[in-house]
Amino acid sequence: MTKRVLLAAPRGYCAGVDRAVRIVERALEACGPPVYVRKEIVHNRHVVAELGGRGAVFVDSVDDIPEGSVCVFSAHGVSPEVRRRAARRRLRVIDATCPLVTKVHNEAKRFARAGRALVLVGHRGHEEIEGTSGEAPEVTHVISTVDEVERLPLRRDEPVAYLTQTTLSVDDTLEVVEALRARFRDIVGPRKDDICYATQNRQVAVKAIARECDVVLVVGALNSSNSNRMVEVARRQGVPAYLVPEPAALCPEWLEGAETVGVSSGASAPEVLVAGLLARLAELGYEDVHTRTVTTEDVSFSLPPRLREDRPAELTGVRPAG
Ligand code: SF4
């Protein structure tokens, strides 16, 4: 049996995660520790531990942050209520919300102002959904499945708008959106959905390698939405697939009889974890690694102006929120 690894590309860090991590690093340089971060800056414990070692302090609520401190909002975004609470505590806020999440917030505000009920397709309890629904909580309904469409407490002729979480399964979301369009006469939404380029590309890439693999491993945190969706995409191709939060979590039994192992990683998983997993696979005889590239990405997001390295004079100007 010839053992080999198929490595999917693109994989790993997206532009929003890369920006969020750089923001915390730059805030630590510019303002000095401690820099408080509301929630995990991105859903990856390795990243959180690494930044924690450099002086970032992760908290669940802005209420846990001493008044006047530097506070970074995570890549998943926050509701207006969180911003108000940060302002009341005079926190010096640096916003690491991914610009593609901010775009969905802006759509929510625009549709709500136009008098439409909002149907937000996503996972209840996920930070991104909490933040987006906070833009217009009184008119927002969160659903995640086709079955929930019929149960929405809205009239068929009511003006409705739909939005989607950025990290959903492309195929599942299409079904939910079709069901919404079938139920409501006056419904508008983004051109297709709000699923971001990185989520889509990682799902396409994992689907492509899964067809040639006996098992697929996705490096990603248990609470990472996009990583979980990648596992589901691979399983839908009829291939056993597992989420691997760190290299040590790999179970050799998963590989029993497997000739070709597929490897990819979610948008919040650093490449060092992929390298660690490949090293473990090599120990188990999977040394032959081939990369399958389905597309290339050249997206990058700039840092907030006050943190840009070309503007050192403004580094200390992180002002109280509000
Ligand atoms: S997964 Fe998409 S929306 Fe989320 S941080 Fe990355 S680029 Fe932004």
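Refer to the structure presented above.
Here's a quick rundown of the structure. Quantities reported herein were computed from a predicted structural model and do not represent experimental measurements. (Residues numbered from 1 in each chain as written. Predicted model: local features only at pLDDT ≥ 70, side-chain atom pairs only at ≥ 80, totals over all residues. Heavy atoms only, no water.)

## Notes on the pairing of strand β10 (residues 215-219)
(1) Moving on: In terms of burial, β10 is largely enclosed, as five of its five residues are buried.
(2) Moving on: Because side chains alternate across β10, one face comprises the buried residues Val215, Leu217 and Val219, and the other comprises Val216 and Val218, equally buried.
(3) Moving on: Note that β10 and strand β11 (residues 241-244) share four bridges and pair parallel. Within β11, the position partnered with Val219 by the bridge is Val244.
(4) Moving on: With helix α9 (residues 225-236) bridging β10 and the parallel β11, this β-α-β connection has right-handed handedness. (Buried < 20%, exposed > 50% of the residue type's maximum accessible area, 1.4 Å probe, protein only. Helix = DSSP H or I, 4+ residues; strand = E, 2+ residues; numbered from the N terminus. Pairing = 2+ DSSP bridges. Right-handed = clockwise from strand over helix to strand, strands pointing away.)

## Details of the site of the ligand
(1) Moving on: The full set of residues close to the ligand is Cys14, Gly16, Val17, Cys98, Leu100, Thr166, Thr167, Cys196 and Tyr197.
(2) Moving on: If you map the ligand onto the pockets, it falls in the largest cavity.
(3) Moving on: When its residues are assigned to classes, the shell around the ligand shows six nonpolar, three polar and no charged. (Near = heavy atom within 4 Å. 1 Å grid on protein atoms, 1.4 Å probe; cavity = no way out; pocket = protein on both sides within 12 Å on 5 of 7 lines; lining within 4 Å. Sits in = over half its atoms within 2 Å of the grid points. Nonpolar A, V, L, I, M, F, W, Y, C, P; charged D, E, K, R; others polar.)

## Considering the sheet that holds strand β12 (residues 260-265)
(1) Moving on: Spatially, five strands are ordered β11-β10-β12-β1-β13 in an open sheet, and the strand pairing comes out parallel. The sheet is open, and its two borders are formed by β11 and β13 (288-293), each paired with just one other strand. The sheet shows a mean angle of 25° between the axes of neighbouring strands, direction not considered.
(2) Moving on: Direction of pairing for β10 relative to β12: parallel, over a ladder of five bridges. (Axes fitted to C-alpha atoms, helices over the stretch in contact; angles between N-to-C directions.)

## Observations concerning the nonpolar core
(1) Moving on: Ranked by size, the top nonpolar core spans 26 residues in total, and within it Ile23, Val24, Ile41, Val42, Val72 and Ile94 carry the most contacts.
(2) Moving on: Broken down by secondary-structure element, the contributors of at least two residues to this core are α1 (15-31), β2 (35-38), α2 (45-53) and β4 (70-73).
(3) Moving on: Among the elements that take part in this core, α1 stands out by supplying eight residues, more than any other.
(4) Moving on: The contact partners of Val42, leaving out residues within four places of it in the chain, are Val17, Ala20, Val21, Val47, Val48, Ala75, His76 and Ser268.
(5) Moving on: Ranked by size, the runner-up nonpolar core spans 18 residues in total, among them Ala258, Val261, Leu277 and Leu278. (Core = buried A, V, L, I, M, F, W, Y, C linked by side-chain atoms within 4.5 Å. Contact = heavy atoms within 4.5 Å.)

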